[in-house]
Amino acid sequence: MPEAPTIDTGNTAWLLISSAIVLLMTPGLALFYGGLNRSKGVLNMMMMSFSSMGLISILWLLYGFSMAFGEDQGGLIGNVGQYLGTKTFMAETDLWGETGIPLYVFMAFQMMFAVITVALISGAIADRAKFSGWLLFAFGWATLVYFPVAHWVWGGGFIGAGLGALDFAGGTAVHINSGAAALALALVLGKRLGWPKEAMKPHNVPMVALGAGLLWFGWFGFNAGSELTADSTTAIAFLNTQICAGAAVLGWLVVEKVRDGKPTLVGASSGAVAGLVAITPACAFVAPWAAVLLGLVAGAVCALAVSLKYKLGYDDALDVVGVHFVGGWIGCLWIGLFGTSSVSSLVENEGLFYGGGVSLLGIQALSALVVTAYSFVVAFVLGFVINKTIGFRVSAEAEVTGIDLTEHAESGYDLTPAGGGSGGAFAMAGIGAGGTTAGGTTAEAEPTAPVNEKVAG
């Protein structure tokens, strides 16, 4: 009789830690996006991230994990009923693969990926989306797009197991996926009032940097944690994550200096995120020197890409497309250029610059194109239907007043005179003792930030 599998406490501890720090990325994203936003919409922006933590966690438990990682059904979806709801399956023998990790721990780790992928989309529609519309969209897009795409890429579906495309930690499944959806929603909801003529600068640059720092920290769990075990692949993924992000900061700042004359903290923060996005799919497949080169390229290209919205006329408020979509594509294709079996045995076809020809590059491009098209189309249709039914965009009056007050009855900053107005929740909401908005137009004034709005992403 074969010996029953046992829990590997080291691997389990590593993945529990990784899961926790990946979850921290979503509050970090809330700070990053919140600081980039205008002051009268900071709370709504952060609410979209926090609501994703609530909604997507429950959907993942109910059916998302089964759709993504259940037994493959024709390469398109997992067995929805396999782990449905709160079905009891936790036992000594219920481990994930050969890792010695309890199934629940792997489920929790992947849950955090689902949470932040949905939250990433919100940056494109800052200041103009109804919160109810956002929640309905998040529910529909997670169900129809993220859960199936996660299966295609990681769960035995037609992209990973079929095509043989490589995506170690989410360049295709997370960043290209969310970036394509962000572009679709930006087109459905249209431009913010006054954009692009009115300056819409980040209202709190230190908050942006704090959010970027938390994202950078959490990304080690995102990338290195995706190995599931603690081994040499974990080490290379960890190292490549750091050096690519560092190089991307430099790449972005060089573009800022040449183009705008001054390097900025918003630019450095955005460059770090761009590098982290780009290395995500490739972190375990390329050598460190190639990761440095990737960072320089991703930082520079994404810094240039955020300006495309002004030329093409789409209002991607916080540059989700320029950073996550473009950065995700760069990282995905980088595997086809610099992926090598000398770093990972998962690379069966050498990259172009290792003598492998264009085979792997073509596979990577096709996988990214499929996810781009599917996510964009479904997100566009979902957004359009929501907008035409319950309404997705707030009224012009609500947008001018400030979406924090109109959607949530609170404001990010209490600018009332000391001692004037009531306390408690009413003061937090900016409502004075007489029932009117405390501070009037003063509460809606935008603090000046010495930042070029073109690189605020």
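Counting restarts for each chain, with residues numbered from 1 along the sequence as it is written. Whole-chain, interface and lining totals are the exception, using all residues; otherwise, since this is a predicted model, local features are given only for residues with pLDDT of at least 70 and side-chain atom pairs are given and counted only at 80 or more. Values shown for side chains rest on all heavy atoms present in the structure; no hydrogens or waters enter the calculation.

Draft legend 1. Focus on the pattern of salt bridges. Any carboxyl oxygen of Asp or Glu within 4 Å of a side-chain nitrogen of Lys or Arg constitutes a salt bridge here. Enumeration according to the criterion identifies seven salt bridges in this entry. Of the charged contacts, one joins R259 and D260 as a salt bridge, the two residues approaching to 3.2 Å between their closest N and O atoms. The class for R259 is partly exposed, based on a relative accessible area of 30%. Residue classification places D260 among the partly exposed residues on the basis of a relative accessible area of 29%. For D319, the salt bridge goes to K309, with nearest N and O atoms at 2.9 Å. Taken together, the positions of D319 in the loop between helix 11 (308–312) and helix 12 (320–338) and K309 in helix 11 put the pair 10 residues apart, joining distant regions of the chain. The two residues D319 and K309 agree in class, both being buried. For the exposure calls, accessible area comes from a 1.4 Å probe over protein chains only, and a residue counts as buried if that area is under 20% of its type's maximum, exposed if over 50%, partly exposed in between. Numbering goes from the N terminus for both helices and strands, where a helix is a DSSP run of H or I of at least four residues and a strand is a run of E of at least two.

Draft legend 2. Quick look at helix 7 (residues 205–223). By definition here, a helix of n residues has an expected span of 1.5 Å times n minus one. Between its first and last C-alpha, helix 7 extends 27 Å over 19 residues, near the 27 Å set by a 1.5 Å rise per residue. Along helix 7, the residues classified as buried are V205, M207, V208, G211, A212, L215, G218, W219, F220, G221, F222 and N223. Any two residues whose heavy atoms approach within 4.5 Å are treated as being in contact. Where helix 7 is buried, its residues touch helix 1 (9–36), helix 2 (42–69), helix 3 (103–121), helix 6 (171–189), helix 8 (232–260) and helix 9 (265–282).

Draft legend 3. Region of the structure containing the layout of surface pockets. Throughout, the protein atoms alone are placed on a 1 Å grid, and a set of points is a cavity if a 1.4 Å probe fits but cannot get out or a pocket if it is open with protein on both sides within 12 Å along at least five of seven lines; lining residues have an atom within 4 Å of a point. Grid points are joined across faces, edges and corners, and a volume is the space filled by probe spheres set on the points. Considered as a void within the structure, the largest pocket measures approximately 760 Å³ in volume. In terms of lining, the largest pocket is formed by 31 residues, of which the most central are W154, D167, F168, F285 and L346. Broken down by secondary-structure element, the contributors of at least two residues to the lining of the largest pocket are helix 3, helix 4 (131–154), helix 5 (158–163) and helix 13 (359–388).

Draft legend 4. Summary view of the state of the cysteines. Cysteine sulfur atoms are paired as a disulfide whenever they come within 2.5 Å of each other. If you walk through the whole model with that rule in mind, you get zero disulfides. The cysteine C283 is free of any disulfide, with C244 supplying the nearest cysteine sulfur at 9.6 Å.

Draft legend 5. Inspection of the packing of aromatic side chains at higher detail. For this analysis, a ring pair means two rings from Phe, Tyr or Trp (six-membered ring only for Trp) whose centres lie within 6.5 Å, classed as stacked if their planes differ by under 30 degrees, edge-to-face if by over 60, and tilted for the remaining angles. Here the structure, examined in full by the defined rule, presents 28 aromatic pairs. Ring geometry for W60 versus F69: centroids 6.3 Å apart, planes at 75 degrees, classification edge-to-face. For F69, a relative accessible area of 7% corresponds to the buried category. Residues F338 and F353 carry aromatic rings whose centres are separated by 5.0 Å and whose planes lie at 20 degrees to one another, so their mutual orientation is stacked. Residue F338 is located in helix 12, and its partner F353 is located in the loop between helix 12 and helix 13; the two are separated by 15 residues in the primary sequence. Relative accessible area serves as the criterion here: at 7%, F338 is assigned to the buried category. In this structure an aromatic cluster arises from ring pairing among W60, Y63, F65, F69, Y83, W96, F106, Y146 and F147.

Draft legend 6. Quick look at the packing of helix 4 against helix 13. For the pair helix 4 and helix 13, the least separation of the axes is 10 Å and the interaxial angle reads 160 degrees. Classified by the angle their axes make, helix 4 and helix 13 are roughly antiparallel. The two elements helix 4 and helix 13 cross, and the hand of that crossing is right-handed. Of the residues in helix 13, those touching helix 4 at G133, L136, F137, G140, W141, L144, V145, V149 and W152 are V370, V371, Y374, S375, V378, A379, L382, G383 and I386. Residue classes follow a fixed rule: Ala, Val, Leu, Ile, Met, Phe, Trp, Tyr, Cys and Pro count as nonpolar, while Asp, Glu, Lys and Arg count as charged, and any other residue, Gly among them, counts as polar. Considered class by class, the residues forming the contact of helix 4 with helix 13 number 14 nonpolar, four polar and no charged. Helix axes are fitted only over the stretch in contact, all axes being lines through C-alpha atoms; the angle between N-to-C directions runs from 0 to 180 degrees. The labels follow the angle: roughly parallel below 35 degrees, roughly antiparallel above 145, roughly perpendicular from 65 to 115, and oblique for the rest. Crossing handedness: left-handed means the near helix sits turned counterclockwise from the far one by under a right angle, and right-handed means the same turn made clockwise.

Draft legend 7. Quick look at the packing of helix 12 against helix 13. The contact between helix 12 and helix 13 brings their axes to 7 Å, and the two run at 155 degrees. Comparing their axes, helix 13 and helix 12 come out roughly antiparallel. As helix 12 packs across helix 13, the resulting crossing turns out to be right-handed. In this structure, helix 12 uses F325, W329, C332, L333, I335, G336 and L337 to contact helix 13, whose residues at the interface are L360, L361, Q364, A365, S367, A368, L369 and T372. Looking at side-chain class alone, the contact of helix 12 with helix 13 contains 11 nonpolar, four polar and no charged residues.

Draft legend 8. Spotlight on helix 4. Along its length, helix 4 reaches its greatest deviation from straightness, about 45 degrees, at A142. The positive-phi residue at the C-terminal boundary of helix 4 is G156, with phi of around 100 degrees. Note that bend, as reported per residue, equals the angle between axes fitted to the 7 residues terminating at that residue and the 7 residues originating from it.

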